[in-house]
Structure formats: C-alpha cells, structure tokens
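# Close look at the chain arrangement
Here is how the chains run, residue by residue.
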Amino acid sequence: MSDKPALKHTSFYISHEGHKSLRIEALKRGLTMSQLIIQALSQAGVDIPAEDLKS
C-alpha cells in the first residue's frame, strides 16, 4: 500500500494564445502551469485541499 493520496488527472482545451499566456505567466512567477491554475482556482473561491496548494 502506498501512503500517497490518490491523484486524478484533469485535462481541458485552451487556444494556442491562451496556452502561451499561461505558460509565460507561470514562468514569470516560477511556477508550473498546474500550480498557476490551482492558485487561480483557489483565489476564485474554489475549495482546494492544502496539499494541492503546496509549491
């Protein structure tokens, strides 16, 4: 048995320009795109578990 929590993969489609903007912003902040999206969801009021907010 693994002590790691079960992880789920979530995908969505975004335009090329949207992807480019997310990537640039993530790089500016020293984050992955996933981390940037998780932070934005949290700031928008989505209840994100603490372990997902760790950088």
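Along each chain, the written sequence defines residue order, and numbers are assigned to residues from 1. Local features in this predicted model are restricted to residues of pLDDT 70 or higher, and side-chain atom pairs are both shown and tallied only at a pLDDT of 80 or more, whereas totals for entire chains, interfaces and linings draw on every residue. As a convention, hydrogens and water are excluded, and side-chain values are obtained from all of the structure's heavy atoms.

## Some remarks on the overall build of the protein chain
Summing up its helical and strand segments, the protein chain has 3 helices and 0 strands in all. Put simply, DSSP marks the helices as runs of H or I at least four residues long and the strands as runs of E at least two long, and each gets a number from the N terminus on. When the elements of the protein chain are put in sequence order from the N terminus, they spell out α-α-α. Buried, partly exposed and exposed residues are distinguished by accessible area as a fraction of the type maximum, computed with a 1.4 Å probe on protein chains only: under 20%, between the cut-offs, and over 50%, respectively. Out of the 55 residues in the protein chain, the part that is buried amounts to 11%. Shrake-Rupley sampling with a 1.4 Å probe provides the accessible areas, and residues are treated as covered by the protein chains on show and by no other component. If you sum the accessible surface of the protein chain, you get close to 5100 Å²; carbon and sulfur atoms cover 56% of it.

## Some thoughts on the pattern of salt bridges
Salt bridge criterion: a side-chain nitrogen from Lys or Arg within 4 Å of a carboxyl oxygen from Asp or Glu. Inspection of every chain in the model, using the stated rule, returns 1 salt bridge. In this structure, E25 engages R29 in a salt bridge whose closest nitrogen and oxygen atoms are separated by 2.8 Å. Here E25 and its partner R29 are both found in helix α1 (residues 16–29), 4 residues apart, which amounts to about one turn of the helix. The partly exposed category is assigned to E25, whose relative accessible area is 27%. The class for R29 is partly exposed, based on a relative accessible area of 47%.

## Points about the packing of α1 against helix α2 (residues 33–43)
To describe two helices that pack against each other, one gives the angle between their axes and the distance between the axes. Here an angle of 0 to 180 degrees is reported between the N-to-C directions of two axes, which are lines fitted to C-alpha atoms, with helices fitted over the stretch in contact. At a minimum axis distance of 9 Å, the contact between α1 and α2 shows a crossing angle of 90°. Overall, the two elements α1 and α2 adopt an arrangement that is roughly perpendicular. Along its contact with α1, which presents H19, L22, R23, E25, A26 and R29, the element α2 presents M33, L36, I37 and Q39. For this scheme, ten residues count as nonpolar: Ala, Val, Leu, Ile, Met, Phe, Trp, Tyr, Cys and Pro. Four count as charged, namely Asp, Glu, Lys and Arg, and the remainder, Gly too, count as polar. Counted by class, the contact of α1 with α2 contains 5 nonpolar, 2 polar and 3 charged residues. Every angle not falling under 35 degrees, over 145, or within 65 to 115 is termed oblique; those three ranges are roughly parallel, roughly antiparallel and roughly perpendicular. We call two residues contacting when some pair of their heavy atoms lies within 4.5 Å.

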